[in-house]
Amino acid sequence: MKPSWTKFLPRWEVLAFLAIALFPAFCALVRSVFPVQSTWGNLFGSKLTDLLIYAILALGLNVAVGYTGLLQLGIAAFFGIGVYITGILTVNSYPFQVGFFVSLLSATLGAALFGLILGAPTLRLRGDYLAIVTLGFGEVVKVTLRNLEEITKGTKGLNPIPPPHLPDWLAVVAGWFGFSNKWDLDYRLFFYLSLFILAIVVLLLKNLEHSKLGRSWVAIREDELAASCMGVNVPRAKLAAFAVSAGLAGLAGCLYATKLTNTADPNAYDFNRSIIMLCCIILGGLASIRGTLLGVFLLLGFEYIVSPQIDSWIQDSGILDSAVQWAKSVSPDSNQLANAFARLLTFSNWKFMIFGLALVLMMRFRPEGLLPSSRIQQELRH
Amino acid sequence: MLPLLAVADTAPDWFTFFLQQCINGLTYGALIALIALGYTMVYGIIGLINFAHGDLFMLGTFLALTLISAFGLDTPDASSGAIAVGLLAIFPIAAVFCGALNLAVDRIVYKPLRRAPKLAPLVSAIGVSFIFQNIGLLWKGPADLSVPSLVPRTDFFSDPTLEFTVKDLFLTLTVLPIMFGLTLLVKYTRLGKSMRAVSQNPTAAQLMGIHVERVIGNTFAMGGALAGFASVIYALYINTVGFQIGYINGLYAFTAAVLGGIGNIPGAVLGGLVIGLVRSLGAAYVGARWATAIIFGILIVILIFRPSGLLGERTREKV
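Counting from 1, residues in each chain are numbered in the order their sequence is written. For naming, the first written chain is A and the first written ligand is 1, with later ones following in the order written. A pLDDT threshold of at least 70 governs which residues receive local features in this predicted model, and a stricter bar of 80 or more applies before side-chain atom pairs are shown or counted, although totals over entire chains, interfaces and linings include all residues. Here the side-chain values reflect all heavy atoms present in the structure, with hydrogen atoms and water set aside.

S.K.: Would you take a moment to explain the overall build of chain B for this structure?
M.R.: Counting its regular elements, chain B contains twelve helices and two strands. The linear arrangement of helices and strands in chain B, starting from the amino end, is α-α-α-α-α-β-α-α-α-α-β-α-α-α. Expressed as lengths along the three principal axes of its C-alpha atoms, the size of chain B is roughly 60 × 45 × 40 Å. Residue burial is assigned from relative accessible area. The probe radius is 1.4 Å, only protein chains are included, and a residue is buried under 20% of its type maximum, exposed over 50%, and partly exposed in between. Across the 319 residues of chain B, 55% fall into the buried class. The contact criterion used is simple: two residues touch if any of their non-hydrogen atoms lie within 4.5 Å. Of all intrachain contacts in chain B linking residues separated by at least 6 positions in sequence, the fraction that spans at least 24 positions is 74%. Only the protein chains shown count as cover for residues, and all accessible areas are computed by the Shrake-Rupley method using a 1.4 Å probe. On chain B, roughly 13,800 Å² of surface is accessible, and the fraction owed to carbon and sulfur atoms is 67%. Only runs of H or I of at least four residues qualify as helices and only runs of E of at least two qualify as strands under DSSP, and these elements are numbered from the N terminus.

S.K.: Hey, could you run me through a nonpolar patch on the surface in this one?
M.R.: Residue and element names in this part refer to chain A. Each patch groups residues whose relative accessible area exceeds 30% and which form no salt bridge, using 9 Å between like charges and 5 Å between nonpolar side chains of Val, Leu, Ile, Met, Phe, Trp and Tyr. Any Lys or Arg side-chain nitrogen located within 4 Å of an Asp or Glu carboxyl oxygen qualifies as a salt bridge. Nonpolar side chains collect at one region of the surface, where Trp12, Val14, Leu15, Phe17, Leu18 and Leu22 lie side by side and expose about 570 Å² of accessible area between them. Structurally, leucine 15 can be placed in helix H1 (residues 12–21). Residue classification places leucine 15 among the partly exposed residues on the basis of a relative accessible area of 45%.

S.K.: Explain the interface of chain A and chain B here, please?
M.R.: By convention, interface size is frequently given as the accessible area that disappears when the constituent parts associate. The interface of chain A with chain B comprises 45 residues on the first partner and 46 residues on the second. Carbon and sulfur atoms make up 74% of the area that chain A and chain B hide from each other, which totals about 4,100 Å². Across the pair B:Arg289 and A:Glu149 runs a salt bridge whose closest N-O atoms are separated by 3.9 Å. Listing elements by their share of the side of chain A that touches chain B, those giving two or more residues are helix H6 (127–147), helix H13 (271–284), helix H16 (336–344) and helix H17 (351–365) of chain A. Throughout, buried area stands for the accessible area (probe radius 1.4 Å) lost by two parts on being put together, summed over both.

S.K.: Explain the side chain of B:Asn102 to me, please; I cannot follow it from the model alone.
M.R.: All names here are of chain B. Mapped onto the secondary structure, asparagine 102 falls in helix H4 (residues 80–110). Judged by its relative accessible area of 3%, asparagine 102 is buried. Beyond its immediate sequence surroundings of up to four residues, asparagine 102 is in contact with Asn50, His53, Leu56, Phe220, Gly223 and Gly224.

S.K.: It is not clear to me how the pattern of salt bridges should be interpreted in this structure. Could you clarify?
M.R.: Pairing between side chains of opposite charge can happen when their charged atoms approach one another. Residues and elements named next belong to chain B. Under the definition given, this model contains ten salt bridges over all chains. The salt bridge partner of arginine 114 is glutamate 213, with a shortest N-O separation of 3.0 Å. You can see arginine 114 sitting in the loop between H4 and helix H5 (119–140) and its partner glutamate 213 sitting in helix H9 (residues 212–238), a full 99 residues away along the chain. With a relative accessible area of 25%, arginine 114 lands in the partly exposed category.

S.K.: Would you take a moment to explain helix H4 (residues 75–90) of chain A for this structure?
M.R.: By this rule, a helix spans an expected 1.5 Å times one less than how many residues it contains. Taking 1.5 Å of rise per residue, 16 residues should cover 22 Å, and H4(A) covers 23 Å from first to last C-alpha, within 8% of that figure. Of all 16 residues that make up H4(A), 15 are buried, and the element is covered over most of its length.

S.K.: How should the packing of helix H3 (residues 42–67) of chain A against helix H10 (residues 212–222) of chain A be read in this particular structure?
M.R.: Two quantities define a packed helix pair, namely the angle between the helix axes and the distance between the axes. Residue and element names in this part refer to chain A. Simply put, an axis is a line fit to the C-alpha atoms, just over the touching stretch for a helix, and the angle between two N-to-C directions goes from 0 to 180 degrees. Taken N-terminus to C-terminus, the directions of H3 and H10 make an angle of 50 degrees; their axes are 9 Å apart at the nearest point. When the interaxial angle is binned, H3 and H10 end up oblique. Contacts from Val63, Gly66 and Tyr67 in H3 reach Trp217, Val218 and Arg221 in H10. In terms of residue class, the contact of H3 with H10 is built from four nonpolar, one polar and one charged. Convention used here: angles under 35 degrees read as roughly parallel, angles over 145 as roughly antiparallel, angles from 65 to 115 as roughly perpendicular, and any remaining angle as oblique. Classes in brief: Ala, Val, Leu, Ile, Met, Phe, Trp, Tyr, Cys and Pro nonpolar; Asp, Glu, Lys and Arg charged; the others, Gly included, polar.

S.K.: Please explain the side chain of B:Thr165 as it appears in this structure.
M.R.: Topologically, B:Thr165 is positioned in the loop between strand E1 (145–146) and helix H6 (166–188). Taking the relative accessible area as the measure of exposure, B:Thr165 reaches 1% and is therefore buried.

Written as structure tokens, this is what we have:
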């Protein structure tokens, strides 16, 4: 029995949500008490916004891999499709310029459509073969985006993507809270926009989990043949999983591109990104929304926030410089030793070692992830 | 060879161009096939897509590069006899290194997961791939490195539009015996027989007195050794290595294995040759930047219409 007072406390998910939502206020508080630079917290807040956007992408991937058990290795392609739909619909060099909100909708629906296009012919493939087809699809999309320079401007990317234009009444309300309408100067606008959309996605997925569709996804994951015998329309449920998964990835892509004001280099939407997103949801716990969010914050937070920070600490502490100096004094005529030291003492060079070890150890000792859904735990530990 | 030479010297240009692309494609394809064999053998025996295989191959190329400079083969005063002896030594060293590494990874990482659901070893393999890439990065740094050109590029054809160099011959002469030997080994030796038995049904094989774990270990060691051979050939043939080459070559090799029907040894060789041909013809007639897209496009189409690959057997689903 839990002590009775705990039932008056909000659940810790709600606390975590509040903590993230209050982050800008916390920064403002620190700024007013301590004499730090006025930009303090902005960089961090902007990176936190990136994590929120990636969380939407991971939730999308979780629909296919976690709920339905379809090993999808090409989620970055749908992210990239969302990015480019947004780019084409909003930049100056195209006649559309529909603005953020329409492009958000179009990126979601467009990516979902591509999800259906990939899903329809691959319905009868299973397991590893499906994985390799989605992987191949991801590569084809990446190469196509890069090579269709007349449309996508190749590696230069489409830019500038204009920031969202708030309706007048909303801009007035935002003004009351001290927000300027300048998206490039005030990270909080994007931060709250992403948080808001993430919250909506989480609520939708929570409902979907318990709907008829969500239950048929789980049934397919556990035993496809048995599910079809029990009257689950397997092709339709699988297609829906593909479409929802791709649509969420497209949504995240639209947010990402608008925040960056650029579609960036198509090579950014490659297999590596898909794999890292897969690592996030596996680390956190398949088929679990809390787990997915935790996985994104741990893994990508480590990649984008913690590891650059440690790099700059090592840089500032002078360890690196003195090691390189020492190496040069030992072998003055060759830079080989000095280069080796510089490589070994750069923390971000160890990033993939840490990711890899985390995955291997995780699979060995806790294959269901950090915050697993109870069903996955049952399935993996029977 | 002689009739081919005669034809080549009188043929029109478009034909020699086509022939040239086929030669390039088949030689590169043979290399890919060598890596693909490692994927397909491991998949055949434990049903694991060994994502780390491409990166194992990458570590092999790094070892080859290190040994070439350690033996002093890259210095201008190295005689051709010394180069030949050095290369002969590098091949077995790289093969043993990669084989032992692959075996060690199997014992440490995959073996405890034999009874786990399929996703667990797959994710572990992705993790091992990350670790290998990181080792490569720390070993040689992020920049591409060039390997000295030790095998001469003397051309066999007098026609300037067509070339088949000593290098191509060297590759063909190394790859063919390896494949031939492997096929014989799997078909006729006791080890090969037990490998086939384990891949058909591990439990039944164990009941027949086969030491299943030892057979799996041998498979990993052999697959790794093939990747080691492939890595030395790659270093000498392509002359540029970097810590990310494992990714794209591993992907091509894996595609080749799937294309031929994963788990099927002749299928992997056929798949490798098809991939090599498609890549080289696609690069020549459509454009080099589309080659990857064409390879994966064809893969998708083939898998949709023949989900178990070109030579793979269809398995009926059982309840």
